[in-house]
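Chain by chain, the residues run as shown.
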Amino acid sequence: MSSSTIAVPVRQKEQRPPQRKRRMQPTIVRAILIFVLPFGVLFLAFYLVPIGYAVYESLLVIKREGTFGPPTQVFGGLSQYVLVFQNSDFWSSIGRVLLFGVIQVPVMLALALLFALLLDSPLLKGKKFFRLAFFAPYAVPGVIAAIMWGYLYSPSLSPFRFVTAGVDLLSASTVLWAIANVVTWVYVGYNMLIIYSALLAIPTEIYEAARLDGAGQFRIAWSVKIPLVTPALVLTAVFSIIGTLQLLTEPQVFRQFTSSITSTFTPNLLVYSTSSVPNFSLAAAFSVVLALATFILSFVFLRLTQGKADQ
Amino acid sequence: MLIMGVFTLYFLIPIFWLLVSSTKTLGNFNSTFSLWFTPTSLADGVTNITKLFTYNDGIFPRWMFNSIVYAVVAGGLGTILAAMCGYALSKYRFRGREVIFNVVLGGVLVPATALALPLFLIFSQVQLTNTFWSVFLPSIVSPFGVYLSRIYAASSVPDEIIEAARIDGSGEVRTFFTVAVRLMSPALVTVFLFQFVSIWNNFFLPLVILRDQTLFPVTLGLYTWNSQVSEIPDIRTLVIVGALVSIIPLLVAFLSLQRFWRNGLGSGGLK
């Protein structure tokens, strides 16, 4: 009697877990498939396959039989990549967006951080209004923003003719910064909100502790708030770096306003003009190198900032 | 306070300029002070809008409609799929979970512009370029949405609730749609808005893939109009009014969904 009552639970204990696992698994597996597959299939079809196809396309070259024979695509190894690395237009376009990024991204994020801190400070009145006013440009699509600023920069139509009549903001030497202004105008408010919501998530006890230690508003902002919103800053920085290397919309629209933007002004414009030649293989090779550069740059940035945060 | 005031002007003057310019005839646009209305502004504004909506058999409302379908339908569908995937990655332990998540995370770093050309090449292989689907289908996929959904699911759906639903006999999928979605809903609004904005702003993919004007989103449409300004000077007025009208839906979406995204926006950066 006593031995059997002990034996039964023991046997049950041994059997139950595997039994439950066996009973649960088909439904759980099915559920996981139902959850993951729809996204997975589309991600495969419209992300992974295109990336694979771009790599494949970049390995092809066009061969002709004689001078007038029909062109055929054949495997050409890395010969397109040799062309990419020899292409001076490509490297000067990369240089241009890097220069853009080195100046524009820090300026934009510094402004965003400043506004977020001001929004978060108890001294500022009318927070709701400022938050909306600063965020409003984000509702303007890049194409529209570029068209608007194109007119605002124009020497004859701008409301700021006292500036634009004297300096041609769309000349070859200034147009990059004219674009930087458009990008900054659109994205400062967006980045400000991301940093601001990270500030809101900081528990207020921390501020009280700092205040008890005798820290003023500036000291709190500098030594408490900024370190705590660093993850948000890193996130916004990574997205800004990606956006900078991929710059396309604004310069493409500005080509309607000025001739100082060439068809090779940014890497993506070069991809676009190369593919309209059409030379898809070279364009694909540009794309692959650009995507890799973007990937490596944002990865290195993440690593560097995370290393710093750990110290 | 002074800084905030100065920058308020910086952010709002261009939009105010757009509003003022929309109420002017081409002659007044070229000659009058560009930051204030003219005596005939009201009537001229109405004329401009009527012209905008009737020009070329109403191609502009067609573009607006297309943009709304691309952004709302594809964005909505994309949000649900991203939520499902992110939820599964957060709540179930299975083999390959981390691999899937890391691949999706890699996808976040792959910019949409880099995909436009290969997508064009693939769609041309299957004769699908210049179709509604060639813009609609790629717009559904949002790896960033999956990334956010995973974080949100982990923080807002307690395992105990899923376990309780399981004991009550609810299936996994039903639990997701009746319980988890509700708990995640403020966050999902953020995911949706992110995707809505990125589709609404999408320019390169339609530029590369579409030829048929009736399929254009409004961004591409206004871009082509603006390229015709030198041949058809009158169209400049339409570009300006169209630009104003095209930003209204986003402004409305932001204002009406404000209380959701304000809370959700920061969560992505917290992890």
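Residues numbered from 1 in each chain as written. Chains lettered and ligands numbered in written order. Predicted model: local features only at pLDDT ≥ 70, side-chain atom pairs only at ≥ 80, totals over all residues. Heavy atoms only, no water.

(A) Examining the overall build of chain A more closely. For chain A, the helix and strand inventory stands at 13 helices and 2 strands. Here the C-alpha atoms of chain A give a radius of gyration of 28 Å, more than 25% beyond the 19 Å that 2.2 N^0.38 yields for 311 residues. Overall size of chain A, expressed as C-alpha extent along the three principal axes, is 100 × 75 × 35 Å. For chain A, buried positions account for 49% of its 311 residues. Sequence separation of 24 or more characterises 66% of the internal contacts of chain A that already satisfy a separation of 6 or more. (Helix = DSSP H or I, 4+ residues; strand = E, 2+ residues; numbered from the N terminus. Rg over C-alpha atoms; globule rule 2.2 N^0.38 Å. Buried < 20%, exposed > 50% of the residue type's maximum accessible area, 1.4 Å probe, protein only. Contact = heavy atoms within 4.5 Å.)

(B) The arrangement of the interface of chain B and chain A in detail. With 90 residues of chain B at the interface, the matching set in chain A holds 88 residues. For the pairing of chain B and chain A, the buried interface totals around 8,000 Å² over both sides, and the portion due to carbon and sulfur atoms is 81%. Considering only the surface of chain B that becomes buried against chain A, B:M4, B:F11 and B:L109 emerge as the three largest contributors, covering 10% of it. Linking chain B to chain A there are 0 salt bridges. The element contributing the most residues to the side of chain B that touches chain A is helix α1 (residues 2-21) of chain B, with 13 residues. Across the side of chain B that touches chain A, the residue classes tally to 67 nonpolar, 19 polar and 4 charged. (Buried area = accessible area lost by both parts, 1.4 Å probe. Salt bridge = Lys/Arg side-chain N within 4 Å of Asp/Glu carboxyl O. Nonpolar A, V, L, I, M, F, W, Y, C, P; charged D, E, K, R; others polar.)

(C) How the structure looks around helix α9 (residues 217-228) of chain A. Taking 1.5 Å of rise per residue, the 12 residues of α9(A) would be expected to cover 16 Å, and the 15 Å separating its terminal C-alpha atoms lies within 8% of that figure. Looking at the buried side of α9(A), the elements it contacts are α3 (88-120), α7 (175-200), α8 (204-212) and α10 (230-245) of chain A. (Expected span 1.5 Å × (residues − 1).)

(D) Structural context of the packing of aromatic side chains. Under the criterion given, the structure shown has 59 aromatic pairs over all chains. Considering the side-chain rings of B:F196 and B:W200, the 5.7 Å spacing of their centres and the 10° angle between planes classify their relative orientation as stacked. Of the two residues, B:F196 and B:W200 are both situated in helix α9 (residues 172-201); the distance of 4 residues between them amounts to about one turn of the helix. Exposure remark for B:F196: the relative accessible area of 6% places this residue in the buried category. On the basis of relative accessible area, B:W200 is assigned to the buried category, the value being 1%. The ring centre of A:Y207 lies 5.1 Å from the NZ or CZ of A:K225, which sits over that ring. Of note, B:R150 hangs over the ring of B:F101, and the distance from its end group to the ring centre comes to 4.1 Å. (Phe/Tyr/Trp six-rings, centres within 6.5 Å; stacked < 30°, edge-to-face > 60°. Lys NZ or Arg CZ within 6 Å of the ring centre and 35° of its normal.)

(E) Highlighting the packing of α7(A) against α1(B). Interaxial distance between α7(A) and α1(B) falls to 10 Å at its minimum, and their mutual angle equals 105°. The angle between α7(A) and α1(B) places the two elements in the roughly perpendicular class. Side by side, α7(A) and α1(B) meet where A:N181, A:T184, A:W185 and A:V188 of the first sit next to B:Y10, B:F11, B:P14 and B:I15 of the second. Across the contact of α7(A) with α1(B), the residue classes tally to 6 nonpolar, 2 polar and no charged. (Axes fitted to C-alpha atoms, helices over the stretch in contact; angles between N-to-C directions. Parallel < 35°, antiparallel > 145°, perpendicular 65-115°, else oblique.)

(F) Quick look at the pairing of strand β1 (residues 60-64) of chain A. All names here are of chain A. Pairing of β1 with strand β2 (residues 71-75), which is carried by 5 bridges, proceeds in the antiparallel orientation. Note that in β2 the partner of V61 across the bridge is V74. Where β1 folds back onto β2 in an antiparallel hairpin, the turn is made up of 6 residues, including G66, whose phi is positive at roughly 70°. (Pairing = 2+ DSSP bridges.)

(G) Representation of the nonpolar core. In this structure, A:F35, A:W185, A:F254, B:W17, B:F60, B:Y87 and B:W225 are the most contacted members of the largest nonpolar core, which totals 187 residues. Looking at this core, the element that brings in the most residues is α7(A), giving 18 residues. Ignoring sequence-local partners within four residues, the contact set of A:F35 consists of B:L81, B:M84, B:C85, B:Y87, B:A88, B:Y92, B:E172, B:V173 and B:F176. (Core = buried A, V, L, I, M, F, W, Y, C linked by side-chain atoms within 4.5 Å.)

(H) Geometry of unusual backbone geometry. A cis amide bond links A:V277 to the next residue, A:P278, at an omega of 0°. By secondary structure assignment, the location of A:P278 is in the loop between α12 (267-275) and α13 (280-310). Phi at B:Q127 is positive, roughly 55°, even though this residue is not glycine. In this fold, B:Q127 is placed in the loop between α5 (112-125) and α6 (132-140). Residues other than glycine seldom take positive phi values, yet B:N130 does so here, at roughly 60°.

(I) Spotlight on the packing of helix α5 (residues 142-153) of chain A against helix α12 (residues 235-256) of chain B. Close contact between α5(A) and α12(B) brings their axes to 10 Å; oriented N to C, the two are set at 135°. Taken together, α5(A) and α12(B) sit at an angle that is classed as oblique. For the crossing formed where α5(A) meets α12(B), the hand is left-handed. For the pair α5(A) and α12(B), the contacting residues are A:I144, A:I147 and A:Y151 in the first and B:R236, B:V239, B:I240, B:A243, B:S246 and B:I247 in the second. Partitioning the contact of α5(A) with α12(B) into residue classes produces 7 nonpolar, 1 polar and 1 charged. (Left-handed = near helix turned anticlockwise from the far one by under 90°.)

(J) Structural context of the side chain of A:T184. Along the polypeptide, A:T184 turns up in helix α7. Among residues more than four places away in sequence, those in contact with A:T184 are A:Q104, A:M108, A:L111 and B:Y10.

(K) Region of interest: the domain arrangement of chain A. All names here are of chain A. Looking at the assigned domains, one finds that chain A contains domain 1 (2-58) and domain 2 (79-310). Distance between the C-alpha centres of domain 1 and domain 2: 42 Å. Listed as interface residues are 4 residues of domain 1 and, on the opposing side, 7 residues of domain 2. When residues of domain 1 are sorted by the area they lose upon contact with domain 2, A54, E57 and S58 head the list and together hold 90% of the total. (Domains from an automatic or database assignment.)

(L) Representation of the environment of B:G169 in the model. With respect to the element layout, B:G169 can be found in the loop between α8 (159-167) and α9. Sequence separation between B:G169 and B:I59 is 110 residues, and the spatial gap between their C-alpha atoms is 53 Å.

(M) Geometry of the side chain of B:T219. Considering the arrangement of structural elements, one finds B:T219 in helix α11 (residues 218-227). Given a relative accessible area of 0%, B:T219 falls into the buried group. When sequence neighbours within four positions are dropped, the list of residues in contact with B:T219 reads A:P141, A:V143, B:W200 and B:N202.

(N) Spotlight on the confidence of the model for chain A. Residue and element names in this part refer to chain A. For chain A, per-residue confidence averages 85 on the pLDDT scale, and 91% of positions sit at 70 or higher. The least confident element of chain A, judged by mean pLDDT, is helix α1 (residues 2-58) at 72; the most confident is α3 at 95. Here residues 1-23 scores under 50 on pLDDT; set against residues more than four positions off or in separate chains, the count is 2 contacts. (pLDDT = per-residue confidence, 0-100.)

(O) Layout of a nonpolar patch on the surface. On the surface, a nonpolar cluster with roughly 510 Å² of combined accessible area is contributed by A:L44, A:L48, A:V49, A:I51, A:V55, B:V99 and B:V103. Among the elements that line the nonpolar patch, the one with the most residues is α1(A), at 5 residues. Its place among the elements puts B:V99 in helix α4 (residues 97-109). By relative accessible area, B:V99 is classed as exposed at 55%. (Patch = residues over 30% accessible without salt bridge, like charges linked within 9 Å, V, L, I, M, F, W, Y side chains within 5 Å. Areas by Shrake-Rupley, 256 points an atom, 1.4 Å probe, with all protein chains shown as cover.)

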